[in-house]
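Summary of the model geometry
Chain by chain, the residues run as shown.
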Amino acid sequence: MLRYREKNLLGTRDVLAEEDEVQPNGKMFKKLELGDYRWMSYDEVDCMAEDFGRGLRTLGQPSGQSLCLFADTRAEWMVAAQASFKQSFPVVTIYTNLGE
């Protein structure tokens, strides 16, 4: 960890605009205009995961009990997953784009 602590780990980009584009098969495709990457280092992500995991413990999440993450796949999801792994919480994922 110390060797890479200042290196980039997770990059995110803001959505600047959205445009619906009709595909040849008639389906609608959402085209996104994205901003520049904003990076978090290994050290920043590790600190966030450590704090989040400790917060879950403080709220009463017991070790070994599954934790359900209902969220889009994004940097915050990864931090929450890493926080769970650090505290021995098995992760169950439910993705928002799966529908009912």
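Above this text is the structure in question.
Residues numbered from 1 in each chain as written. Predicted model: local features only at pLDDT ≥ 70, side-chain atom pairs only at ≥ 80, totals over all residues. Heavy atoms only, no water.

This part covers a nonpolar patch on the surface. A grouping of Tyr 4, Leu 9 and Tyr 42 is seen on the molecular surface, where their side chains present a nonpolar patch of about 250 Å² in accessible area. Examined against the element boundaries, Leu 9 turns out to sit in strand 1 (residues 8-22). Overall, the relative accessible area of 33% leaves Leu 9 in the partly exposed class. (Patch = residues over 30% accessible without salt bridge, like charges linked within 9 Å, V, L, I, M, F, W, Y side chains within 5 Å. Areas by Shrake-Rupley, 256 points an atom, 1.4 Å probe, with all protein chains shown as cover. Salt bridge = Lys/Arg side-chain N within 4 Å of Asp/Glu carboxyl O. Helix = DSSP H or I, 4+ residues; strand = E, 2+ residues; numbered from the N terminus. Buried < 20%, exposed > 50% of the residue type's maximum accessible area, 1.4 Å probe, protein only.)

In this section: helix 1 (residues 42-58). Taking 1.5 Å of rise per residue, 17 residues should cover 24 Å, and helix 1 covers 24 Å from first to last C-alpha, within 8% of that figure. Every buried residue of helix 1 is listed here: Asp 43, Val 45, Ala 49, Gly 53 and Leu 56. The arc that holds the buried residues of helix 1, viewed along the axis, is 160°, so those residues lie on one side. Exposed and oriented more than 90 degrees from the buried face of helix 1 are Asp 51 and Thr 58. (Expected span 1.5 Å × (residues − 1). Arc of directions from axis to C-beta.)

Moving on, we come to helix 2 (residues 75-86). Between its first and last C-alpha atoms helix 2 spans 17 Å; for 12 residues at 1.5 Å apiece the expected length is 16 Å, and the two agree. Three or more residues of helix 2 are buried, namely Ala 75, Trp 77, Val 79, Ala 80, Ala 81, Ala 83 and Ser 84. Phi for Ser 88, located one or two positions after helix 2, is positive at around 65°.

Another aspect to go through is the pattern of salt bridges. Should the charged atoms of two oppositely charged side chains come close, the side chains can pair. Across all of its chains, the model carries nine salt bridges by this definition. Notably, a salt bridge pairs Lys 30 with Asp 20, separated by 3.2 Å at the nearest N-O pair. A residue pair is termed long-range when its members are at least 10 positions apart, and Lys 30 in strand 2 (residues 28-41) and Asp 20 in strand 1 qualify at 10 residues. Relative accessible area serves as the criterion here: at 47%, Lys 30 is assigned to the partly exposed category. Overall, Asp 20 belongs to the partly exposed group, its relative accessible area being 48%.

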